[in-house]
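# What the coordinates show
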Amino acid sequence: MTGPARPLSETLRHGGAMTQRRVRILVAKAGLDGHDRGAKIIARALRDAGFEVIYTGLHQTPEMVATAAVQEDVDGVGLSILSGAHLTLFPEVIRLLRENGAGDVVVFGGGIIPSEDAQKLKEIGVKEVFTPGASTQEIASWVKENIRPRE
Amino acid sequence: MASNKEQWLTTLYRSAGERAARFSTVSDLEIEPLYTPEDARFDYDEALGVPGEYPFTRGVYPSMYRGRLWTMRQFAGYGLAEDTNARFRFLLSQGQTGLSTAFDMPTLMGYDADHERAIGEVGREGVTVTSIHDMERLYGQIRLDRITTSMTVNCSASIILAMYLVVAERQGAGWDNVSGTIQNDMLKEFIAQKEWICPPEPSVRIVTDMIDFCCRRAPRFHPVSISGYHIREAGATAVQELAFTLADGVCYVEHALRRGLEVDDFAPRLSFFFNLHNDFLEEIAKLRAARRIWARLMKERFGAKEARSMTLRTHAQTAGVALTAQQPLNNIARVAIQALAGVLGGVQSLHTNAMDETLALPTETAATIALRTQQIIAEETGLANTIDPLGGSYAIEALTDRMERDAMAYISRIDQMGGMIRAIELGYPQQEIAEAAFRYQRQVEDRIKTVVGVNKYVTPEEIPLPTLKIDPEVEERQVQRVRRMKRERNQRAVKDALKQVAEACRSGANLMEPICEAVKQEATVGEICDVYRAEFGVYKDPAWI
């Protein structure tokens, strides 16, 4: 069980670990809808793939997502949106991350997002948009390739 | 002595060879190569009976579709109330026989369109309803005593039901002539759909208030539609869908009995809602098992005397989760097959999904094809000519038994935990479902389960379908409308009415009467839900992975 209140694993981040710290991902469920099947599967698959994963739980506002990302010092935010509000929520999360000095956090996401909207999202800084049918392996390898621990 | 089947399995069958190591349903239930009378041993009268008689395995009504076809009830809702009203009237003009209303997320979660949490979501996933005026526009020019309406709304259902009844009254219809269904199944919200306001206990209290209220005041209304649909969509197996849905039903019955209601007074008004997934035989067996289990529970466990109290009458919808964004036209075939399972499973009403629903809300063309699919099944295939035509099939009867057995095992486990509310608090059904969802995803990625167009028969380039666009002005217009209404109404009357609702929350008096009064005074969905939040507290997602 993992929740937003999970303590940071300090040893991994600053302790005697010889290797680079593990990439930390915030899987976030923004918006009012309750479609969390995908977010939970992704959270679990990313954890199984060796990433540190924090899951926000449902019904988060962009403020809550950005705050959690900063507090948990994550390297990437995976935003799941199936309510049709993606063109509102993604830009807001990105804006708030930048405002809070976390503009280098990689934002990616998925959900019910028509391809033309996915294109718009990429233009405003969403690094990748996964749509229905994307495999967890595909998403995990994309994270491995595209997200590095932040300095 | 080796049976015929055993002998056949070890000789003829084995020598013929198999194309796969294991054969299982989409829910991973293992399927045998052949079902024979040995697998389907039953006493005909006890296990099946005739349609319209206990245990209703073969159908809840004596004449089933020979008497009346199922209700074709396409779920619709988007934009402003007048947009959805236009879609409703279009669907009715195309031969649809019942309405089904989809509300937007702010309405479903109890926020007004002008609330900051509503930004970007107004009219997107359904129609926006903030006040009684929206409900009047939504059902404008549709006589509510001449049509049955289903409304998919849960944690704010009490307010929407009150608005619906007030609109009917203003049209001149008596509440005892208004029939329809409000989903109002809060238990499955905590288990699967996850739209909630208050914790489980007060949520179920509100549901019980509504059951009680409808018994007295709106006796033709179904105050709850006990829903497996969302449980399945969240990733449950067919058995889990069946078991958790019926266990939810048990919980509502227990609460209504504790309230002092007579089982035969309210049980006939409970209705159900199941999913229709791809695995044809499994789905038919699930629906037949559902009827038999419910009849037995109501009769044996709750002492129902009247047949109507024992019948599981159900709506069904094809599985949204089985649609693919890839090669979306293939979804037309999937939906047709899923709908066939529903008809062979004896459902009372049916929604067929549109092919484009993994992309957006359906366009008019896509919604029409979905409705036509039902009309083809009803009027061209001949399947509505005879009742339960698969009854007696060895495979179907063996699977129906298996479903009943496995579901009853889950129901007993939940009883042992202390009932569904306790099980939800422990996270039991939620985690069983998440586990099943993850397992299925693995099977798809490992190509153990095929999804055509996704993990097999993939085409590289696809021509995108045109999708429905929601005009961004919808939100702005609704927000302006709501703000103006809030400025112009009688503030004193609103305040007093909300105080009455709060008082009923505290005293335990039925909430519905004061809510009906509050909506007449133009109190909004969000304002009444704020009373719930203040009086009952707010439930927070435990966020289990």
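What counts and what doesn't
- Residues numbered from 1 in each chain as written.
- Chains lettered and ligands numbered in written order.
- Predicted model: local features only at pLDDT ≥ 70, side-chain atom pairs only at ≥ 80, totals over all residues.
- Heavy atoms only, no water.
- Helix = DSSP H or I, 4+ residues; strand = E, 2+ residues; numbered from the N terminus.
- Rg over C-alpha atoms; globule rule 2.2 N^0.38 Å.
- Buried < 20%, exposed > 50% of the residue type's maximum accessible area, 1.4 Å probe, protein only.
- Expected span 1.5 Å × (residues − 1).
- Contact = heavy atoms within 4.5 Å.
- Pairing = 2+ DSSP bridges.
- Domains from an automatic or database assignment.
- Buried area = accessible area lost by both parts, 1.4 Å probe.
- Salt bridge = Lys/Arg side-chain N within 4 Å of Asp/Glu carboxyl O.
- Polar contact = N/O pair within 3.5 Å; in protein donor to acceptor, adjacent residues only side chain to side chain.
- Axes fitted to C-alpha atoms, helices over the stretch in contact; angles between N-to-C directions.
- Core = buried A, V, L, I, M, F, W, Y, C linked by side-chain atoms within 4.5 Å.
- Parallel < 35°, antiparallel > 145°, perpendicular 65-115°, else oblique.
- Left-handed = near helix turned anticlockwise from the far one by under 90°.
- Nonpolar A, V, L, I, M, F, W, Y, C, P; charged D, E, K, R; others polar.

### Some remarks on the overall build of chain B
Helices and strands together make up the secondary structure of chain B, namely 23 helices and ten strands. Scaling as 2.2 N^0.38, a compact globule of 545 residues should have a C-alpha radius of gyration of about 24 Å, and chain B matches this with 24 Å. On the principal axes, the C-alpha backbone points of chain B span a range of 85 × 60 × 45 Å. Every one of the 545 residues in chain B was classed for burial, and the buried ones make up 61%.

### Quick notes on helix α21 (residues 491-507) of chain B
Residue and element names in this part refer to chain B. The terminal C-alpha atoms of α21, which comprises 17 residues, lie 24 Å apart, in line with the 24 Å expected from a rise of 1.5 Å per residue. All buried positions along α21 are accounted for by Ala493, Val494, Ala497, Leu498, Val501, Ala502, Ala504 and Cys505. Where α21 is buried, its residues meet α9 (200-217), α22 (512-520) and α23 (525-536). Gly508, located one to two residues past α21, shows a positive phi value of around 90°.

### Quick word on the sheet that holds strand β3 (residues 99-102) of chain B
Residues and elements named next belong to chain B. The five strands lie next to each other as β2-β3-β4-β5-β6, forming an open sheet whose pairing is parallel. Each having just a single partner strand, β2 (75-76) and β6 (221-222) make up the two edges of the open sheet. Where β3 meets strand β4 (residues 149-152), four bridges bridge the pair, whose relative direction is parallel. Across the sheet, residue Leu99 finds its bridge partner in β4, namely Thr149.

### Considering the domain arrangement of chain B
Residue and element names in this part refer to chain B. When its domains are assigned, chain B resolves into domain 1 (54-445) and domain 2 (492-544). Once you take the C-alpha centre of each, domain 1 and domain 2 turn out to be 25 Å apart. Residue-level contacts link 43 residues of domain 1 with 29 residues of domain 2. Here domain 1 packs against domain 2, burying approximately 2,800 Å² in sum over the two surfaces, 66% of which is carbon and sulfur. Taken as a group, Ile159, Ile197 and Arg205 account for 21% of the area that domain 1 buries against domain 2, more than any other trio of residues on that side. Our count for the domain 1 to domain 2 interface comes out at three salt bridges. Residues Glu513 and Arg216 are paired through a salt bridge, measuring 3.1 Å at the closest nitrogen-oxygen approach. Along the contact surface separating domain 1 from domain 2 lie 17 residue pairs in polar contact (both at pLDDT 80 or more).

### What to know about the sheet that holds strand β1 (residues 71-72) of chain B
Residue and element names in this part refer to chain B. Spatially, the five strands line up as an open sheet ordered β1-β10-β9-β8-β7, and their pairing is parallel. Of all the strands in the sheet, the pair left with one neighbour each is β1 and β7 (224-227). Where helix α13 (residues 280-301) meets the sheet, its contacts fall on β8 (270-276) and β9 (314-318), and the angle it forms with β8 comes to roughly 160°.

### Brief notes about the nonpolar core
Counting residues in hydrophobic clusters, the biggest one holds 166 residues, and the most contacted among them are Phe103(B), Met135(B), Met151(B) and Met420(B). Domain assignment of the residues forming this core places at least three in each of domain 1 (54-445) and domain 2 (492-544) of chain B. With near-sequence residues (within four places) excluded, Met135(B) lies in contact with Phe103(B), Val129(B), Met151(B), Ile160(B), Met163(B), Tyr164(B) and Val167(B). Ile81(A), Val93(A), Leu96(A) and Val126(A) belong to the second largest nonpolar core, which has 27 residues in total.

### A short note on the environment of Arg442(B)
For Arg442(B), the position within the fold is in helix α19 (residues 428-445). Residues contacting Arg442(B), with those up to four places away along its chain left out, are Asp48(A) and Thr136(A).

### Re the interface of chain A and chain B
Chain A puts 41 residues into the contact, and the matching count from chain B is 41 residues. Taking both sides of the interface into account, the surface hidden between chain A and chain B amounts to around 3,400 Å²; carbon and sulfur atoms contribute 54%. Three residues, Leu32(A), Arg37(A) and Arg44(A), lead the burial of chain A against chain B; their summed loss comes to 24% of the area buried on that side. Applying the counting rule to chain A against chain B returns three salt bridges. Across the pair Asp36(A) and Lys194(B) runs a salt bridge whose closest N-O atoms are separated by 3.0 Å. Scanning the region where chain A abuts chain B turns up twelve residue pairs in polar contact (both at pLDDT 80 or more). Listed by contribution, the elements that provide at least two residues to the side of chain A that touches chain B are α2 (37-48), β2 (52-55), α4 (86-99) and α6 (136-146) of chain A.

### Overview of the packing of α4(A) against helix α5 (residues 115-123) of chain A
Residues and elements named next belong to chain A. Two elements in contact, α4 and α5, have axes separated by 10 Å at closest approach and are oriented at 15°. By the angle class used here, α4 and α5 are roughly parallel. Here the hand of the crossing between α4 and α5 comes out right-handed. Of α5, the residues touching α4 (which contributes His86, Leu87 and Phe90) are Asp117, Lys120 and Leu121. Split into classes, the residues belonging to the contact of α4 with α5 amount to three nonpolar, one polar and two charged.

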